[in-house]
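# Summary of structural features
So you can see what is in the structure, the chains are spelled out below.
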Amino acid sequence: MKRLFCGGIVVSGEGQKEADVLVEDEKIVAVGSGFKREEAEIIDVTGKYLFPGFIDGHTHMELEVSGTVTADGFETGTKAELAGGTTCIVDFATQNKGESLAFALKHWHKKADGKASCDYAFHLAVSDWNEDVKEELKKVTAGGIHSFKLYTTYDAMLSDDQTIYEVLSCLKELGGIVGIHCENNGIIQARLEEVLRKNGGRKDVSGYPYTRPDLAEAEAVGRMLKIAACVDTPVIIVHLSSRKGYEEIVRAREAGQTVYVETCPQYLLLDEGKYFSGNEEGRKYMIAPPLRTKEDQKALWRALSEGGIQTIGTDHCSFTKKQKEAGREDFAKTPCGMPGAEERPALMYHFGVNQGKITREQMCRCLAENPAKLYGLYPRKGAIAPGSDADIVVWNPNVRWTISAKTQQSASDYCPFEGVEITGRAERVYLRGTLAAENGEIVNGYEGRYVAGKIERSR
């Protein structure tokens, strides 16, 4: 079946232009003008922007963590993504201690296959490193997994410097790339003990940001970049939250290193004042790294506008208010993470594009093109171009609406941006040529497919 999107403004990372988009079945056939209208279903998108389907490169669906499981599995989580304009996610398939990489991937496929409403790919989060796992990496990369994650904190996932060096060295030879969660675990543990000794407990959430300071992030960023320099390989710093962390990246780049950076809407738009608004409210915003200061926000926006940050993910790791209450008596026992899948594109458009902090082209790069390129999905994903999947977001720049948990697709029972008024949203979302969501409502669910990455990647 042919569909012709007529009268819209096609957005890419390089510019925007008025053009018609011809789609046949699941693929984009041509972008231009002069197409025969009688041979296709006409979709009038006059005055609307056409973005390639957005990609969320940082999600945690149905993750077993902190003695519980995230509120959103692939069923509800991908509906939330799709409703907001995201047509593909890259979720973290997590290898637990004692597991093989093959087992972790099989486990994640079981969670996702047949349940997803947008397309999905996987990173592999590595927690157990040995000779068997090293050998497995060859099979894993040959099978389409080229991005991996390492942690510098969390007991269940922590990798020491030797392990990080060895993993980076191995993946350099195989063409893979590593994203790293950067926080100094020793500083975190020491400060948790300090708060306990000083206050006789850790009930007050206002003590949380002290235990994970910006210097703990900056130290780990600097250390990881030095290890990567020894290996001479690019790395990705995920969910960057602070100015001091970014300064470490700038220094490494000035020395000639290739460093990719991801941040998230929460670090651009929310600040640590949330932790001082009462324990029940503060627990909702307990994420890692924590929310920072307004000065950190300014630094991240500046880096984003200057091209120093390549991608904006969500770190969607949702819990309910009841799940968060595990930290009622000790904030250290609170599951860290919050929802964000649905709001990301609208937040970036309203607070970024509408307020002149970034352009539509930059939004396209950070939410679609760059993650597609970084994770081996481009040009199948991340572009409105002949041969690409017909993942198209019809963006209405003028509609006004209010973000609310009452209308969200996420299974979480709260929304971090509750009551925020937005101008601009994904009016219609097409997944591989078929209308899948409209004005935040799912009209065609459970059509998501697994997408294997390709090793070609611009570095």
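Keep in mind that this is a model prediction, so the values were computed, not measured.

## Quick notes on the packing of aromatic side chains
Scanning the entire structure with this criterion turns up 13 aromatic pairs. Between Phe122 and Tyr450, the ring centres sit 5.5 Å apart and the planes meet at 35°, which makes this aromatic pair tilted. Placement of Phe122 in strand E12 (residues 119-125) and of Tyr450 in the segment after strand E21 (441-442) is noted, with a sequence separation of 328 residues between them. Taken together, the aromatic side chains of Phe51, Phe54, Tyr349 and Trp395 make up a single cluster linked through ring pairs. Lying over the aromatic face of Phe92, Lys149 brings its terminal NZ or CZ to 4.4 Å of the ring centre. Above the ring of Tyr210, the side-chain terminus of Arg191 is found at 4.0 Å from the ring centroid.

## Points about the pairing of strand E8 (residues 54-59)
Extensive coverage of E8 is indicated by the burial of 6 of its 6 residues. In terms of strand pairing, E8 meets strand E11 (residues 86-94) through 4 bridges, oriented parallel. Bridge pairing links Ile55 to Cys88 in E11.

## Details of the layout of surface pockets
Considered as a void within the structure, the largest pocket measures approximately 910 Å³ in volume. Across the lining of the largest pocket, the residue classes break down as 18 nonpolar, 15 polar and 9 charged.

## Considering the pairing of strand E20 (residues 434-438)
Within a regular beta strand, the side chains point alternately toward one face of the sheet and then the other, so they alternate between its two faces. In this structure, strand E19 (residues 421-431) lies alongside E20, joined through 4 bridges in antiparallel fashion. Looking at E20, one finds that Val429 is bridged to Ala437. Taken together, E19 and the strand that follows it, E20, pair antiparallel across an intervening segment of 2 residues, in which Arg432 is found at a positive phi of about 50°. As defined by bridge partners, E20 adjoins E21 across 2 bridges and the pair is classed as antiparallel. Within E21, the position partnered with Glu438 by the bridge is Glu441. In sequence, E20 turns back onto E21 through a hairpin of 2 residues, with Asn439 there showing a positive phi of about 50°.

About the thresholds
Residues numbered from 1 in each chain as written. Predicted model: local features only at pLDDT ≥ 70, side-chain atom pairs only at ≥ 80, totals over all residues. Heavy atoms only, no water. Phe/Tyr/Trp six-rings, centres within 6.5 Å; stacked < 30°, edge-to-face > 60°. Helix = DSSP H or I, 4+ residues; strand = E, 2+ residues; numbered from the N terminus. Lys NZ or Arg CZ within 6 Å of the ring centre and 35° of its normal. Buried < 20%, exposed > 50% of the residue type's maximum accessible area, 1.4 Å probe, protein only. Pairing = 2+ DSSP bridges. 1 Å grid on protein atoms, 1.4 Å probe; cavity = no way out; pocket = protein on both sides within 12 Å on 5 of 7 lines; lining within 4 Å. Points joined across faces, edges and corners; volume = space filled by probe spheres on them. Nonpolar A, V, L, I, M, F, W, Y, C, P; charged D, E, K, R; others polar.

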